[in-house]
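Tertiary structure, described
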Amino acid sequence: TWYHVAFTFSVINNRAARYVNAGTPVTVTLSAVAPAASTAAMQFGASSVNEAGSEWNGQLCGWGFWNRQLTDDEISYHYNDGQGRRFYPGLGFV
């Protein structure tokens, strides 16, 4: 079983959203957001404080970053009715 998970963030209203399988987003408004000043490596599937038992027990088959907030339609496009969709940097997706 695989899941398509997407996160978005709006700098206009400090609103974050999480989508699972392109479903209805779960949203939250953050009170204050400041960029993290860090030179630490980005980690997927692990806690930044290396807490025991916090490691992801699974596989990541694809991921991407966009320099803007994706729309609901774009998230649904990438989910592709449960089939997933490949994207290639430089071809208009990132």
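In what follows, the structure referred to is the one given above.
The paragraphs below set out a description of the structure included in this document. No experiment lies behind these values; they were computed from the predicted model shown. (Residues numbered from 1 in each chain as written. Predicted model: local features only at pLDDT ≥ 70, side-chain atom pairs only at ≥ 80, totals over all residues. Heavy atoms only, no water.)

Our focus in this paragraph is the pattern of salt bridges. Between side chains of opposite charge, a pair can form when the charged atoms approach closely. Counted according to the given criterion, the structure contains 1 salt bridge. Between E74 and R68 there is a salt bridge whose closest N-O contact spans 2.7 Å. The partly exposed category is assigned to E74, whose relative accessible area is 24%. The exposure class assigned to R68 is partly exposed, which follows from its relative accessible area of 42%. (Salt bridge = Lys/Arg side-chain N within 4 Å of Asp/Glu carboxyl O. Buried < 20%, exposed > 50% of the residue type's maximum accessible area, 1.4 Å probe, protein only.)

All chains considered together, the criterion is met by 1 aromatic pair. Taken together, a centroid distance of 6.1 Å and an interplanar angle of 50° make the contact between W2 and Y79 tilted. Residue W2 is located in the segment before β1 (5–10), and its partner Y79 is located in helix α1 (residues 72–79); the two are separated by 77 residues in the primary sequence. (Phe/Tyr/Trp six-rings, centres within 6.5 Å; stacked < 30°, edge-to-face > 60°. Helix = DSSP H or I, 4+ residues; strand = E, 2+ residues; numbered from the N terminus.)

One number sums up the size of the largest pocket: a volume of about 1700 Å³. Taken together, 37 residues make up the lining of the largest pocket; nearest its centre are V5, A6, G62, W63 and G64. Mapped onto the lining of the largest pocket, the elements with two or more residues apiece are β1, β2 (15–20) and α1. If you tally residues by element for the lining of the largest pocket, the top one is β1, at 5 residues. (1 Å grid on protein atoms, 1.4 Å probe; cavity = no way out; pocket = protein on both sides within 12 Å on 5 of 7 lines; lining within 4 Å. Points joined across faces, edges and corners; volume = space filled by probe spheres on them.)

Across the sheet, which stays open at both edges, the 3 strands sit in the order β1-β2-β3 with antiparallel pairing between neighbours. Among the strands making up the open sheet, the edge pair consists of β1 and β3 (26–29). Neighbour-to-neighbour, the strand axes of this sheet turn through a mean angle of 15°, independent of strand direction. Sheet topology places β2 next to β3; 4 bridges connect them, and they run antiparallel. Residue pairing for β3: A17 is matched across the bridge by T27. (Pairing = 2+ DSSP bridges. Axes fitted to C-alpha atoms, helices over the stretch in contact; angles between N-to-C directions.)

Comment: phi is negative for the bulk of residues other than glycine, and the bulk of peptide bonds are trans. Positive phi is not limited to glycine here, since N14 has a value of about 55°. By the secondary structure assignment, N14 is in the loop between β1 and β2.

The next point concerns the side chain of T8. On the secondary structure map, T8 appears in strand β1. The buried category is assigned to T8, whose relative accessible area is 9%. Filtering out sequence-adjacent residues up to four positions away, T8 remains in contact with R15, A16, A17, Y19, Q69, L70 and I75. (Contact = heavy atoms within 4.5 Å.)

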